[in-house]
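The primary structure of each chain is shown beneath.
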Amino acid sequence: MTIQWFPGHMTRARREIQEKLKLIDIAIELLDARVPLSSRNPMVEEILHGKPRLILLNKADLADARTTDKWMANFAEQGYASLSIDASTGTRVNEIPIKVRALLHEKISRQVAKGMTPRPVRGLIVGIPNVGKSTLINRLAGRNIAATGDRPGVTKGQQWIKVGTEMELLDTPGILWPKFEDQLVGFKLAMTGAIREQVLNIEDVAYFAVKELAQYYWDALAERFGLTEPPSDLENNLEIVRVMEDIGRKRGCLISGGRVDLEKASGIILRELRAGNLGRISLESPEFLV
Ligand code: G4P
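Residues numbered from 1 in each chain as written. Predicted model: local features only at pLDDT ≥ 70, side-chain atom pairs only at ≥ 80, totals over all residues. Heavy atoms only, no water.

**A word on the overall build of the chain**
No. 1: For the chain, the helix and strand inventory stands at eleven helices and nine strands.
No. 2: The globule rule puts the C-alpha radius of gyration for 290 residues at 19 Å, and the 21 Å found for the chain is close to it.
No. 3: With respect to the principal axes defined by its C-alpha atoms, the chain has extents near 80 × 35 × 35 Å.
No. 4: Here the chain holds 290 residues, and the buried ones make up 51% of them.
No. 5: For the chain, restricting intrachain contacts to residue pairs at least 6 apart in sequence, the fraction spanning at least 24 positions comes to 70%.
No. 6: Here the chain has roughly 14,200 Å² of accessible surface; of this, 50% comes from carbon and sulfur atoms.
No. 7: Distance between charge centroids for the chain: 8 Å, based on 40 positive and 37 negative side chains. (Helix = DSSP H or I, 4+ residues; strand = E, 2+ residues; numbered from the N terminus. Rg over C-alpha atoms; globule rule 2.2 N^0.38 Å. Buried < 20%, exposed > 50% of the residue type's maximum accessible area, 1.4 Å probe, protein only. Contact = heavy atoms within 4.5 Å. Areas by Shrake-Rupley, 256 points an atom, 1.4 Å probe, with all protein chains shown as cover. Lys, Arg positive; Asp, Glu negative; His and termini not counted. Charge placed at Lys NZ, Arg CZ, Asp CG, Glu CD.)

As structure tokens, this is what we get:
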């Protein structure tokens, strides 16, 4: 589901998260491992306001494992604990409560020192739409709880979900907005499927995808679609369109006069990319940060 964010929505989403923050010990910030920067809310530091935080790089099954490791090292350098997971299959999800308790170790020890029995630590999952919040909540709960594609402003009565004996999670996630005023962010989120085609033109998104893939993952693109001729110049629009046409021809996307149906070809490129059929692909690396 695509959320059209307006200033009113953002204010409400922010207010909702701030209300929830009062109830919890730790925020669990969910990012897309393929695009950790673009899937990050631009105001997250301000909104979370110093709450202890665990960063989860979700959809790690679709991202380049080496790049994900580099991101985790990068977050560690910035003082953040992180974990790469795959919420849809549950890979490493069982490490979340362990990490969370490790992060809150001092607080828990203080309670024990005062003779208190520590209560389960309470967490809140936050992240932009489509990053996998509901999938993760359901996975941690071991049953279907969160409706996928939640919207800000639609709060039901909040409940705590037990995650083992030592952790509890709010059943509704905190929904954040992406940095969509940056066009590049928009294209990357569209390429990974977080923003739907209704918002951006499908051929424009596929064009962007082919250009990125030709630059960083040509072998994967060539292998998937049986291509033999890489674009001679990535800045030449006609060359990128030529590669899109090659893909279309390989997949029989033809219209009258032997021309390629670019819209159909674009759909195929994006669908297969998002499904992971081109292999594990990361679109952002900490190495390229300046
Ligand atoms: P949200 O609550 O943050 O909005 O996200 P949600 O859980 O609805 O997940 C969005 C899509 O991402 C879902 O696909 C879900 O299955 C998929 N997803 C979540 N976590 C992972 C993961 O770790 N790996 C992979 N490969 N996919 C994941 P969907 O239900 O098929 O919806 P869609 O594909 O139609 O968007």
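**Let's talk about the environment of Arg 280**
No. 1: With respect to the helices, strands and loops of the structure, Arg 280 is situated in the segment after helix H11 (262–274).
No. 2: Remark: the alpha-carbon pair of Arg 280 and Ser 232, spanning 48 residues in sequence, is separated by 25 Å.
No. 3: In this view, Arg 280 contacts Ala 60, Asp 61, Leu 62, Ala 63, Asp 64, Ala 65 and Tyr 217; residues no more than four positions away in its chain are not counted.
No. 4: Among the polar contacts made by the side chain of Arg 280, one reaches the main-chain carbonyl oxygen of Ala 60 at a distance of 3.1 Å.
No. 5: A polar contact is formed between the side chain of Arg 280 and the backbone oxygen of Ala 63, at a distance of 2.8 Å. (Polar contact = N/O pair within 3.5 Å; in protein donor to acceptor, adjacent residues only side chain to side chain.)

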